[in-house]
Amino acid sequence: MTVTIVGSQLGDEGKGGVVDLFGDAADVVARYQGGDNAGHTVVHDGEKYKLSLVPSGAVRGKVGVLGNGCVVNPRTLFDEIETLQEKGLDPDVRVAERAHVILPFHRVLDGIEEDVKSEDDQEVGTTGRGIGPTYEDKAGRRGIRVGDLLDPDVLRDRLEYVVPQKRALVEDVYGADVSDLENPDAFDVDALFEEFREIGERLAEGNMTVNASAFLTDAMADGETVMFEGAQGTIIDIDHGNYPYVTSSNPTAGGAAVGTGLSPTVIADGEIVGIVKAYLTRVGSGPLPTELGGVVGDTPDYDEQGDGENEELATYIREEGGEYGTVTGRPRRVGWLDMPMLRHSARVNGFTGLAINHIDVLAGLEEVKVGHSYELDGEELLAMPPTTEEWGRCEANLKSFDGWDDVDWSAVADEGYEAIPENARTYLEYVADELEADVYAVGVGPGRGETVVVENPYE
Ligand code: IMP
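All values reported here derive from a predicted model rather than from experimental measurement.

The rules behind the values
- Residues numbered from 1 in each chain as written.
- Predicted model: local features only at pLDDT ≥ 70, side-chain atom pairs only at ≥ 80, totals over all residues.
- Heavy atoms only, no water.
- Helix = DSSP H or I, 4+ residues; strand = E, 2+ residues; numbered from the N terminus.
- Rg over C-alpha atoms; globule rule 2.2 N^0.38 Å.
- Buried < 20%, exposed > 50% of the residue type's maximum accessible area, 1.4 Å probe, protein only.
- Contact = heavy atoms within 4.5 Å.
- Areas by Shrake-Rupley, 256 points an atom, 1.4 Å probe, with all protein chains shown as cover.
- Lys, Arg positive; Asp, Glu negative; His and termini not counted.
- Charge placed at Lys NZ, Arg CZ, Asp CG, Glu CD.
- Near = heavy atom within 4 Å.
- Polar contact = N/O pair within 3.5 Å; in protein donor to acceptor, adjacent residues only side chain to side chain.
- Nonpolar A, V, L, I, M, F, W, Y, C, P; charged D, E, K, R; others polar.
- Patch = residues over 30% accessible without salt bridge, like charges linked within 9 Å, V, L, I, M, F, W, Y side chains within 5 Å.
- Salt bridge = Lys/Arg side-chain N within 4 Å of Asp/Glu carboxyl O.
- Pairing = 2+ DSSP bridges.
- Phe/Tyr/Trp six-rings, centres within 6.5 Å; stacked < 30°, edge-to-face > 60°.
- Lys NZ or Arg CZ within 6 Å of the ring centre and 35° of its normal.
- Core = buried A, V, L, I, M, F, W, Y, C linked by side-chain atoms within 4.5 Å.
- Expected span 1.5 Å × (residues − 1).

Draft legend 1. Seen up close, the overall build of the chain. Counting its regular elements, the chain contains 14 helices and 20 strands. In terms of C-alpha radius of gyration, the chain reaches 22 Å, essentially the compact-globule figure of 23 Å for 459 residues. When the backbone C-alpha atoms are referred to their principal axes, the chain occupies close to 65 × 55 × 40 Å. Looking at the chain as a whole, 55% of its 459 residues are labelled buried. By sequence separation, contacts in the chain at least 24 residues apart represent 73% of the contacts at least 6 residues apart. Roughly 19,400 Å² of accessible area belongs to the chain as shown, and the carbon and sulfur atoms make up 43% of that amount. Side chains of the chain give 36 positive and 90 negative charges; the mean places of these two sets differ by 5 Å.

Draft legend 2. Just the site of the ligand, in detail. Of all residues adjacent to the ligand, which total 14 residues, the nearest are Asn37, Gly125, Thr127, Gln232 and Thr247. A distance of 3.2 Å separates an oxygen atom of the ligand from a polar backbone atom of Gly125. Thr127 places a side-chain nitrogen or oxygen 2.6 Å from an oxygen atom of the ligand. Here the ligand has 470 Å² of accessible area as a free molecule, and 91% of this is covered by the chains. Each residue belonging to the shell around the ligand can be placed in one class, and the counts come to 6 nonpolar, 7 polar and 1 charged.

Draft legend 3. Molecular detail of a negative patch on the surface. Together, Asp27, Asp218, Asp222 and Glu224 give the surface a local cluster of negative charge. Turning to its location among the elements, Asp218 is positioned in helix H7 (residues 212-221).

Draft legend 4. How the structure looks around the pattern of salt bridges. Going through the model one piece at a time under the given rule, you end up with 22 salt bridges. Arg60 serves as the salt-bridge partner of Asp20, at 2.4 Å between the closest nitrogen and oxygen. Linking Asp20 in helix H1 (residues 15-22) with Arg60 in the loop between strand E4 (47-51) and strand E5 (63-66), this pair joins segments that are 40 residues apart in sequence. Since its relative accessible area comes to 8%, Asp20 is described here as buried. A residue is classified by how much of its surface remains accessible, and Arg60, at 17% relative accessible area, is buried. Taken together, the shared-partner salt bridges connect Asp12, Lys277, Glu323 and Arg332 into one network.

Draft legend 5. Spatial organisation of the sheet that holds strand E20 (residues 451-453). Spatial strand order, E9-E7-E5-E2-E10-E1-E11-E15-E19-E20: 10 strands in an open sheet with mixed pairing. Sheet topology places strand E9 (209-210) and E20 at the edges, where each strand pairs with a single neighbour.

Draft legend 6. Quick peek at the packing of aromatic side chains. According to the stated counting rule, one finds 4 aromatic pairs in the structure shown. Taking 5.3 Å as the distance between ring centres and 85° as the angle between the ring planes, the aromatic pair formed by Phe401 and Tyr427 counts as edge-to-face. You can see Phe401 sitting in strand E18 (residues 395-402) and its partner Tyr427 sitting in helix H14 (residues 422-435), a full 26 residues away along the chain. Note on accessibility: Phe401 and Tyr427 belong to one class, buried. Consider the rings of Phe401 and Tyr430, whose centres lie 5.0 Å apart with planes at 55°: the pair is tilted. Residue Phe401 is found in strand E18, and its partner Tyr430 is found in helix H14; the two are separated by 29 residues along the sequence. A single burial state applies to Phe401 and to Tyr430, both of which are buried. Through pairs of rings, three or more aromatic residues link up here, namely Phe401, Trp404, Tyr427 and Tyr430. Its guanidinium or amino end placed over the ring of Phe193, Arg156 lies 4.5 Å from that ring's centre, counting from NZ or CZ. Above the face of the Phe78 ring, Arg202 is positioned so that its terminal group lies 3.8 Å from the ring centre.

Draft legend 7. The arrangement of the pairing of strand E1 (residues 2-7) in detail. Burial runs high along E1: 6 of the 6 residues are buried. Judged by which residues are buried, E1 turns out to be covered on both faces: Thr2, Thr4 and Val6 on one side and Val3, Ile5 and Gly7 on the other are all buried. Two strands pair when backbone bridges link them, and E1 and strand E10 (residues 226-229) are joined in this way by 4 bridges, in the parallel orientation. Bridged to Val3 within E10 is Met227.

Draft legend 8. Structural view of the nonpolar core. Within the largest apolar cluster, 102 residues are counted, with the highest numbers of intra-cluster contacts made by Leu77 and Ile359. Not counting chain neighbours up to four residues away, the residues in contact with Ile359 comprise Ala278, Trp404, Trp409, Ile420, Ala424, Leu428, Val442, Gly443 and Val444.

Draft legend 9. Expanded view of helix H2 (residues 74-86). With 13 residues, H2 extends 18 Å between its outermost C-alpha atoms, agreeing within 8% with the 18 Å of an ideal straight helix rising 1.5 Å per residue. Every buried residue of H2 is listed here: Pro74, Thr76, Leu77, Phe78, Glu80, Ile81 and Leu84. Looking at where H2 begins, the residue whose side-chain oxygen comes 3.0 Å from the main-chain nitrogen of Arg75 is Asn73. Just downstream of H2 lies Gly88, where phi reads positive at about 90°.

As structure tokens, this is what we get:
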């Protein structure tokens, strides 16, 4: 039995909390895409753990797997494992030999390309972790995989092929001098070989590398339950998202099959839970038809965005929801829930259930709106269009709901679904009806206990 957790919007939907909650019943928690661009906080026994690569289940004694669809920065991997060990935990993390390795030059190239793009306001606003450049090398068949670190001859051959190309890219295309960079060793074959050969030895000594497909298949044959922890979100999926303002992997449910080596039938036999934030946030640029206020520097055509009242509302929601980037502290753009986005997301992922977070953040507002549909060139659209340019021209048709009061949300979490204020339930049921999926959980506060569980997908 598997449960796949997928972000239905632009990331930051509160997936970590749901993985933590439902993952309790899982024996193995596997990531299938992305790398250390994710960010999740787990609170366990009063201790706060911030993880970006290691699956959060590792904090609770689950086996954590980084599938072949992930890109792995071994420095981050070992840093996170050591931090957990220092806190007295004994994380069991396995890494797919087919996963690609983020090398130091990938981070450098990520930064250079963003700088160059920013000259024409075309930057994506990446996390700077080298994610895109690593997936580029994977697709370009010049990447280095975790399994290659275990064989020094293969590692050296691969580095000797790829590093001169990267050096030439920096020097000949971008016109920078590698020796002037902060870490010129990132482009030095011998230095890279030494560091990554040692990493290979460490992975082998720790018995950490696996054939993810075989490992997970065997675990399931032994009756173990598996959770697939999607990172990022559907609208930043490289195929189904808002290209080019996307990450370079597939956070969507199909990624769980490709990124672990399990059959799509295995994923489809289980549950696919879409995580929805009750409103919308976005970090960085790109369209956002239901945007309320806007953030200078991120919101396109900032001057034309919203009026004073909407701006106030956006600020209120941002403050109540703590909507600031976990790593950068950047304020997130805020908008109403966007149903055409969610219908697209539900179709692409096939959600069997939903977890809707942060309804407490909207409490106290007199009126809560959603973008029910879009208007584009005189036509009503129920799902977002495929191109970013068209999406940018969509106007949201708003639908209004009566607001709900702020209540003792911890008590609501204890008492269950019926204790949620009626107007909030009307809102939740509208979303569930539109997406044709049941509400499995409702997030009513930041703590692990502040979730109303309607149905546990493992039961
Ligand atoms: P990258 O994944 O670092 O290449 O960044 C590409 C885009 O995805 C940028 O717009 C990032 O802000 C966004 N992104 C990457 N990871 C996350 C995440 O965990 N939450 C929200 N946005 C993310």
